[in-house]
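Summary of structural features
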Amino acid sequence: MDISVVVPLYNEEESLPELIAWIDKVMSENNFSYEAVFVDDGSTDTSWAMIEELKKKYSTVKAIKFRRNYGKSAALNVAFEAAQGDVIITMDADLQDSPDEIPELYRRIKEENFDIVSGWKKKRYDPITKTIPTKLFNAATRKMSGIQLNDFNCGLKAYRKDVVKTIEVYGEMHRYIPVIAKWAGFNKIGEQVVEHRARKYGTTKFGFSRFVNGFLDLLSIFFVGKFGKRPMHFFGSLGVLSFLLGTIMALWMIGVKLYHIAAHIPYKREITDQPLFYISLVAIIVGSQMFLAGFIAELLSRNAPERNQYLIEKEII
């Protein structure tokens, strides 16, 4: 199979018939063998009933329905497991991503040997309350990851099959898939300017909280990517540094007092009366705790349970 088109959705009943008809038209014109994998993320409208109707007309439709809403990352992770195409194309269900971009994305993966080609919505139809935070996050992600993409969160992306079968997406980390892929060893990441269309049906499903969650996930990815297999290197280093600083301060105060005693010089304040004593004590305690945290994290990283377990209500295969 040439292509798997992965479409996560939540309450998109109005756009689904137009979307699958558009995808099928593009695939037929380019003689691609394909499947369209829809993941209904706990929709409360008639999206699933619409998918069942579309299956009667389009044999290429496959679908998974979550029992409740888990989020886009969960939907993508489950779809990646089910996808069978050589190239996996992800796109949103709201018709803001154009299926006409698929042939070029496919060509760049197959002919230019990219692992990932990420869409860049250079001209956007989003309100300023969404575009400004997005630009800030993209800048922060470029700085921390070293990946020179302008739009990490674009839903329209193309992946080599090996990439999606290797990585794991959870939490709110779908917007940082290129970063996750890079940490997994897939370094050939490209970008393509794509059309961003104005929303035709419904309203956006994402609120301001996604920016807070996105920032926390960025920090999480940075930590996991750099220290996920060796957390002791992170916690242990900070712990040892804090412990040594506290110990040095405590020894210095003790040394000063002993010098005053030996030289018969009056010592005005007891060690316990000095703020530096409590600072050194806290540094020693914190250092010990961080070292122990690193040791425990090291043990957990060797026995981590599966994180992606979701309740699936129905499937169409």
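First, a word on what this report is: a plain description of the structure on this page. These figures come from a predicted structure and were not determined experimentally.

Quick notes on the rules
Residues numbered from 1 in each chain as written. Predicted model: local features only at pLDDT ≥ 70, side-chain atom pairs only at ≥ 80, totals over all residues. Heavy atoms only, no water. Pairing = 2+ DSSP bridges. Helix = DSSP H or I, 4+ residues; strand = E, 2+ residues; numbered from the N terminus. Axes fitted to C-alpha atoms, helices over the stretch in contact; angles between N-to-C directions. Contact = heavy atoms within 4.5 Å. Phe/Tyr/Trp six-rings, centres within 6.5 Å; stacked < 30°, edge-to-face > 60°. Buried < 20%, exposed > 50% of the residue type's maximum accessible area, 1.4 Å probe, protein only. Lys NZ or Arg CZ within 6 Å of the ring centre and 35° of its normal.

As paired strands, strand E4 (residues 87-90) and strand E6 (residues 157-160) are joined by four bridges and run antiparallel to one another. Bridging from a neighbouring strand, Ile88 pairs with Tyr159 of E6. Sheet topology places strand E5 (residues 116-120) next to E6; three bridges connect them, and they run antiparallel. Bridge pairing in E6 links Ser118 to Lys157.

Strands belonging to one sheet form pairs held by backbone hydrogen bonds; the direction of such a pair is parallel or antiparallel. Spatial strand order, E7-E5-E6-E4-E1-E2-E3-E8: eight strands in an open sheet with mixed pairing. Looking at which strands have only one partner, the edges of the open sheet turn out to be strand E7 (189-193) and strand E8 (312-316). Pairwise comparison of adjacent strand axes, ignoring direction, gives a mean angle of 15° for this sheet. In the packing of helix H1 (residues 16-29) onto the sheet, contacts are made with strand E1 (3-9), strand E2 (34-40) and strand E3 (61-66), and the angle to E2 comes to roughly 160°. Contacts from helix H2 (residues 47-57) reach E1, E2, E3 and E8, with the element oriented near 160° to E3.

Throughout the structure, instances matching the rule amount to four aromatic pairs. A ring pair is formed by Phe66 and Tyr70, whose centres lie 5.1 Å apart and whose planes are at 85°; its orientation type is edge-to-face. For the residue pair Phe66 and Tyr70, the accessibility class agrees, reading buried in each case. When the ring centre of Phe114 is taken as reference, the NZ or CZ atom of Lys188 above it lies at 5.3 Å.

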